[in-house]
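Tertiary structure, described
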Amino acid sequence: MKKFFEEFKKFISRGNVMDMAVGVIIGGAFTAIVNSLVNDIFMPLLSLITGGFDIAGMSVSFGVGDNAATLNYGAFLSAVINFLLIALVIFCIIKAMNTAKDKMLSKPEESKAPTTKKCPYCMSEIDIQATRCPHCTSELP
Ligand SMILES: [Zn+2]
């Protein structure tokens, strides 16, 4: 049992636990934003396009009366649509972030100064600072 707590202490003090906690918390807040975007912006637009048609309310009932079994396939459909919209939104956000990252990282390539030169006697590629060619041993100006 003592070993168990020692391992637990090691796990907690490793530092990346805090990173993970921050990630989970930010992920939770992010989920709320995406959910709101889907539920408050996209879903009303979708219902505008479909003429105010309530997808979530679609159902089929078997039998009659209040106790009849109902197949709420509308709720299932709206859950699927929700998922697709959330996936789309997250995809767009990640794509935008990747594009921004690429732009930040890709600095204009500096034209590298040449590090080699050609020996005028044997035409070999040699170091730019060489005063004597290593191939033909000619002295270089
Ligand atoms: Zn040479």
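Residue positions are given per chain, counting from 1 as you read along its sequence in written order. Local features in this predicted model are restricted to residues of pLDDT 70 or higher, and side-chain atom pairs are both shown and tallied only at a pLDDT of 80 or more, whereas totals for entire chains, interfaces and linings draw on every residue. Think of the side-chain values as coming from all heavy atoms in the structure, minus any hydrogens and water.

Per an unreviewed UniProt entry, the chain goes by Large-conductance mechanosensitive channel and derives from Anaerosacchariphilus hominis. UniProt positions are given in the numbering used here, feature names are shortened, and annotations may be inferred rather than shown by experiment. The UniProt entry for the chain carries the following text under Subunit (unreviewed entry): "Homopentamer."

Let us now look at the overall build of the chain. A helix here means a DSSP run of H or I that spans at least four residues, while a strand means a run of E at least two residues long, and both kinds are numbered starting from the N terminus. Regarding its fold elements, the chain presents three helices and four strands. Reading the chain from its N terminus to its C terminus gives the helix and strand order α-α-β-β-α-β-β. By the compact-globule yardstick of 14 Å for 141 residues, the chain is too spread out, its C-alpha radius of gyration being 33 Å. Viewed in the frame of its principal axes, the chain has a C-alpha envelope of about 105 × 60 × 25 Å. The rule is simple: take the accessible area with a 1.4 Å probe, protein chains only, and divide by the maximum for that residue type; under 20% is buried, over 50% is exposed, in between is partly exposed. Relative to its 141 residues, the chain shows a buried fraction of 13%. Only heavy atoms enter the contact rule, under which two residues are in contact if any of them lie within 4.5 Å. The long-range share in the chain, meaning contacts at least 24 apart out of those at least 6 apart in sequence, stands at 22%. In this description the radius of gyration comes from C-alpha coordinates, and the expected globular size is given by 2.2 Å times residues to the power 0.38.

Further remarks concern a nonpolar patch on the surface. Together, Met1, Phe4, Phe5, Phe8, Phe11, Ile12, Met20 and Val24 make up a nonpolar patch on the protein surface, roughly 910 Å² of accessible area in all. Looking at the nonpolar patch, the elements with two or more residues in it are helix 1 (2-12) and helix 2 (16-49). Tracing the backbone shows isoleucine 12 in helix 1. Judged by its relative accessible area of 44%, isoleucine 12 is partly exposed. Here, patches come from residues exposed beyond 30% relative accessible area and free of salt bridges, joined within 9 Å for like charges and within 5 Å for nonpolar side chains (Val, Leu, Ile, Met, Phe, Trp, Tyr). Per-residue accessibility takes into account occlusion by the displayed protein chains alone, with areas from the Shrake-Rupley method and a 1.4 Å probe. By salt bridge we mean one thing: a side-chain nitrogen of Lys or Arg within 4 Å of a carboxyl oxygen of Asp or Glu.

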